[in-house]
Amino acid sequence: MMRRLLLGNPLMISATMTCLNMSQRCGYLWYRMTRRKTIESSDTTTALNRYLSTFHLTFMGVGATVGVGIYVLVGVAAKEYAGPSMLISFILAGIVTLMNALCFVEFGSRIPKTGGSYTYVYESMSEIMAFLVGWLILLGYLTSGAIGCRAWSGYFDSLFDGAIHNKTIGVFGTMNLGPPFSHSLDLVAFCFELTVLVIVSLGIHASAKVNFVLSMVSISVLLFVTMMGFIFGNIENVINKDHGGFFPFGVKGVIVATSACFYAFQGFDVICLSAEESKTPLKSIPRAILFELIIVTLLYAGSSFSLIMLAPVYLIDTKAPIPSAFALNNIQWAKYVVTIGPVLGISNLSLLNLYSTSRHAYCMANDGLFLKVFGVVHKKTQVPLVGVMSIGIFVALSSLFLDIADLVQFNVLTLFVINIIISSNIVILRSRTSDPSAVDDTERKTMISKCQISKIIDKFSVGFLIFFLVVISLMVALLIQRTPVLSSQPNIIALCTVILFTLLIVGISFIIKLKLKPPTGDSFKVPFVPFLPVIIIAMNMMLLVYSIDLNGLITFIVLIFIGLVIYVVLIIFSRDVMPRETVISEEEVGLMSLEQES
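Residues numbered from 1 in each chain as written. Predicted model: local features only at pLDDT ≥ 70, side-chain atom pairs only at ≥ 80, totals over all residues. Heavy atoms only, no water.

(A) View of the overall build of the protein chain. Per the secondary structure count, the protein chain includes 25 helices and zero strands. In the protein chain, which comprises 598 residues, the proportion classed as buried is 52%. Taking the intrachain contacts of the protein chain between residues at least 6 apart in sequence as the baseline, contacts between residues at least 24 apart amount to 85%. Total accessible area on the protein chain is roughly 27300 Å²; 67% of this is exposed by carbon and sulfur atoms. (Helix = DSSP H or I, 4+ residues; strand = E, 2+ residues; numbered from the N terminus. Buried < 20%, exposed > 50% of the residue type's maximum accessible area, 1.4 Å probe, protein only. Contact = heavy atoms within 4.5 Å. Areas by Shrake-Rupley, 256 points an atom, 1.4 Å probe, with all protein chains shown as cover.)

(B) Summary view of the nonpolar core. If you look at the biggest cluster of nonpolar residues, it comprises 160 residues, and the most contacted ones within it are Phe90, Ile289, Tyr300, Phe326 and Ile512. At 16 residues, helix 7 (residues 127-158) tops the list of elements feeding residues into this core. Those residues in contact with Phe326 that lie beyond four places of it in its chain are Phe224, Val225, Met228, Leu310, Ile331, Ala334, Lys335 and Val338. (Core = buried A, V, L, I, M, F, W, Y, C linked by side-chain atoms within 4.5 Å.)

(C) Here's a closer look at the packing of aromatic side chains. Enumeration over the complete set of coordinates arrives at 22 aromatic pairs. Arranged with centres 4.2 Å apart and planes meeting at 10°, the rings of Trp152 and Phe192 form a pair that is stacked. Here Phe192 lies in helix 9 (residues 187-201) and Trp152 lies in helix 7, a separation of 40 residues in the sequence. What makes Phe192 buried here is its relative accessible area of 9%. (Phe/Tyr/Trp six-rings, centres within 6.5 Å; stacked < 30°, edge-to-face > 60°.)

(D) Local environment of the pattern of salt bridges. Considering all chains together, one arrives at six salt bridges under this definition. Here Asp186 ties to Arg150 by a salt bridge, and the two come within 3.8 Å at their closest N and O atoms. Taken together, the residues Asp186 in the loop between helix 8 (163-172) and helix 9 and Arg150 in helix 7 connect sequence positions 36 residues apart. By relative accessible area, Asp186 is classed as buried at 11%. Residue classification places Arg150 among the partly exposed residues on the basis of a relative accessible area of 21%. It is possible to trace a salt-bridge network through shared partners that takes in Arg32, Arg35 and Glu127. (Salt bridge = Lys/Arg side-chain N within 4 Å of Asp/Glu carboxyl O.)

(E) Region of interest: a nonpolar patch on the surface. A contiguous nonpolar surface patch, about 1000 Å² in accessible area, is contributed by Leu550, Leu553, Ile554, Ile557, Val558, Phe561, Ile562, Val565, Ile566, Val569 and Phe573. Considering the arrangement of structural elements, one finds Val569 in helix 24 (residues 550-572). (Patch = residues over 30% accessible without salt bridge, like charges linked within 9 Å, V, L, I, M, F, W, Y side chains within 5 Å.)

(F) Helix 21 (residues 462-482), seen in detail. With 21 residues, helix 21 should cover 30 Å at 1.5 Å per step; its first-to-last C-alpha distance of 30 Å lies within 8% of that length. Among the residues of helix 21, Val462, Leu465, Ile466, Leu469, Val470, Ile472, Ser473, Val476, Ala477, Ile480 and Gln481 are the ones counted as buried. (Expected span 1.5 Å × (residues − 1).)

(G) Inspection of the environment of Leu415 at higher detail. Turning to its location among the elements, Leu415 is positioned in helix 18 (residues 408-430). By relative accessible area, which is 21% here, Leu415 ends up partly exposed. For Leu415 and Gly140, which are 275 residues apart along the polypeptide, the C-alpha to C-alpha distance reads 8.9 Å. Aside from chain neighbours lying at most four places away, what touches Leu415 is Phe262, Tyr263 and Gln266.

(H) A look at unusual backbone geometry. Note the cis peptide between Val529 and Pro530, where omega equals 10°. Topologically, Pro530 is positioned in the loop between helix 22 (492-515) and helix 23 (531-547). In this structure, Asn330 is a non-glycine residue whose phi angle is positive, near 55°. Within the element layout of this structure, Asn330 appears in the loop between helix 15 (321-328) and helix 16 (332-366). The backbone of Phe528 shows a phi angle near 55°, a positive value even though the residue is not glycine. As for its placement among the helices and strands, Phe528 is situated in the loop between helix 22 and helix 23. Residue Phe528 is classed as exposed on the basis of its relative accessible area, which comes to 65%.

(I) Representation of helix 9. The terminal C-alpha atoms of helix 9, which comprises 15 residues, lie 21 Å apart, in line with the 21 Å expected from a rise of 1.5 Å per residue. Looking only at helix 9, the buried set comprises Val188, Ala189, Phe192, Glu193, Val196, Leu197, Val200 and Ser201. The inward-facing, buried residues of helix 9 abut helix 7, helix 8, helix 10 (204-232), helix 16 and helix 17 (385-401). Gly203 sits one or two residues past helix 9 and shows a positive phi near 125°.

(J) Broad picture of the packing of helix 21 against helix 23. Look at helix 21 against helix 23: their axes get within 9 Å of each other, and the N-to-C directions meet at 45°. As judged from the angle between their axes, helix 21 and helix 23 are oblique. Pair helix 21 / helix 23 crosses with right-handed handedness. Residues Leu469, Val470, Ser473, Leu474, Ala477, Leu478, Ile480 and Gln481 of helix 21 lie in contact with helix 23, whose contacting residues are Val534, Ile537, Ala538, Met541, Met542, Val545 and Tyr546. The residue inventory of the contact of helix 21 with helix 23, partitioned by class, reads 13 nonpolar, two polar and no charged. (Axes fitted to C-alpha atoms, helices over the stretch in contact; angles between N-to-C directions. Parallel < 35°, antiparallel > 145°, perpendicular 65-115°, else oblique. Left-handed = near helix turned anticlockwise from the far one by under 90°. Nonpolar A, V, L, I, M, F, W, Y, C, P; charged D, E, K, R; others polar.)

(K) Summary view of the environment of Gly233. Along the chain, Gly233 turns up in the loop between helix 10 and helix 11 (236-239). Judged by relative accessible area, which is 24%, Gly233 ranks as partly exposed.

(L) Examining the side chain of Ser259 more closely. Counting through the fold element by element, Ser259 comes out in helix 12 (residues 250-264). Setting aside residues up to four positions removed in sequence, Ser259 forms contacts with Val412, Phe416, Leu543, Tyr546 and Ser547.

(M) How the structure looks around the side chain of Thr97. Looking at the element boundaries, Thr97 is found in helix 5 (residues 86-108). Taking relative accessible area as the criterion, Thr97 reaches 1% and is therefore assigned buried. Each residue touching Thr97, except ones within four places of it in the same chain, is listed here: Phe262, Phe265, Gln266, Phe268 and Leu293.

(N) The confidence of the model for the protein chain, seen in detail. Per-chain confidence: the protein chain averages 80 in pLDDT, with 84% of residues scoring 70 or above. Per-element confidence in the protein chain is highest for helix 9, whose mean pLDDT is 92, and lowest for helix 25 (residues 586-597), whose mean pLDDT is 43. This stretch, residues 1-8, has a pLDDT under 50; its non-local contacts, to residues over four places away or in other chains, come to 14 contacts. Low pLDDT, under 50, characterises residues 434-441; the predicted model gives this stretch nine contacts beyond four residues in sequence or across chains. (pLDDT = per-residue confidence, 0-100.)

(O) View of the environment of Ile560. Considering the arrangement of structural elements, one finds Ile560 in helix 24. Sequence separation of Ile560 and Leu132 is 428 residues, and the distance between their C-alpha atoms is 7.0 Å. Excluding residues that lie within four positions of it along the chain, Ile560 makes contacts with Leu132 and Leu136.

Below, the structure is given as structure tokens:
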């Protein structure tokens, strides 16, 4: 009788079910946050069209890299940050990017799936970390797309001496809504993004062909700049004897300029995002990343050196550095030739940005961490058409109304953070996987048993030690930035502290080395682990500290918090939030209540 009463009492069952459901949902939330995605290297199934070769991927990377960075940042880096030593900054930025790329190459050579950094973190760390990385990348793509459209509009309008902008203000007037809204509408940027949307919607064939043509034009323009610099340039501009010499801003200026130049090298992640559209992803992706970075580094080094040869640092126009350098030498015809370069380069950049954003959203949607409609592939064009259309329209409207140039710093910060996470993942993965037949693992245990600090080694995990290294690297970077450690008269206390922390980083690296296991498989492996990844972490942390300010940091924290809220809501209130075997029926709830009463 009591059992029937309890089973038939809807209020008691409803209250008990609510408590149990919330408990189950919170438990499942923790399960989802900590789980990792399993990806087999032999799994090449995809709904996308496998059309891209190593050649296509290489030029997609070049097209996604050569854009706003070299045509704008080169002037700022030379005039405001480093002077002629900006040449060293570009080389250092290329080296740091190449070192970061080695970690991407290892992941790309064994994970044949679209997603890039997001997929790599999901496979090696946890779902919550993967979502945050994916969220930051998505925001970075959206803001970069709008910024690129505005930059393209500005360059295109400059060919007509600003006539389009003035006509738009004359017809529609100005907007006085304050930040983040722009002073006026940008119809050119809006129409340009809609054109890009149509091209990307046609399929990977059309996108790849347009990308190749635009990439070749961009490469030709930079080669033209390099050649003209050696013909008409003056080596005295590089020596810069009367204005501070080759290092007018000192070593700190070189580091700050390296942080700015680093942004100009970003774009190889589009290669990783094309894994499911590559014919042979395990071979093509690593090769394309390395080929692309070599090509871009040589182009940047040549064109930046020629810019300094053509124009004294103090006369460079930061808004249009390369065209202004030719104008200073009265080479007007060359000025118009190189003005076309940014227009076509940014066109290619915007095309690949929309391509990358749609593929990134497609990957997250397939994992259940974004709206599922973004994972639907059109049968005829074999592209995620809803994602392309939605993202393209959003970017077009943003470029029409908003002035979001201040979020460039957020994009740079995101790049450094992701590179630090990827480098850390390489070390963490080496502590998990090993070859059972390898003799080195036994030797490693023997070394640990003989070591006096074996108790410490066993007590802390590799993940904890890597986190500790990241914190120490941050402290060292802040000390170097905030105190005169790099000056001719350094602060002794700060210098000793930096040396002490550096020795601590080296010691912890050796401890991690004892805990690692030999790598397996025939795919590419990052050499000198954990020492090379630790160096990469330290270099990215240094550049991060020199490139960020308070506003950028606050923006980053706020967006991280918004992402966490979205993730929690997405998991807790999704319909398929719990596995079927964990769901408790109403009859079971009634029996549980009966047992508690008795």
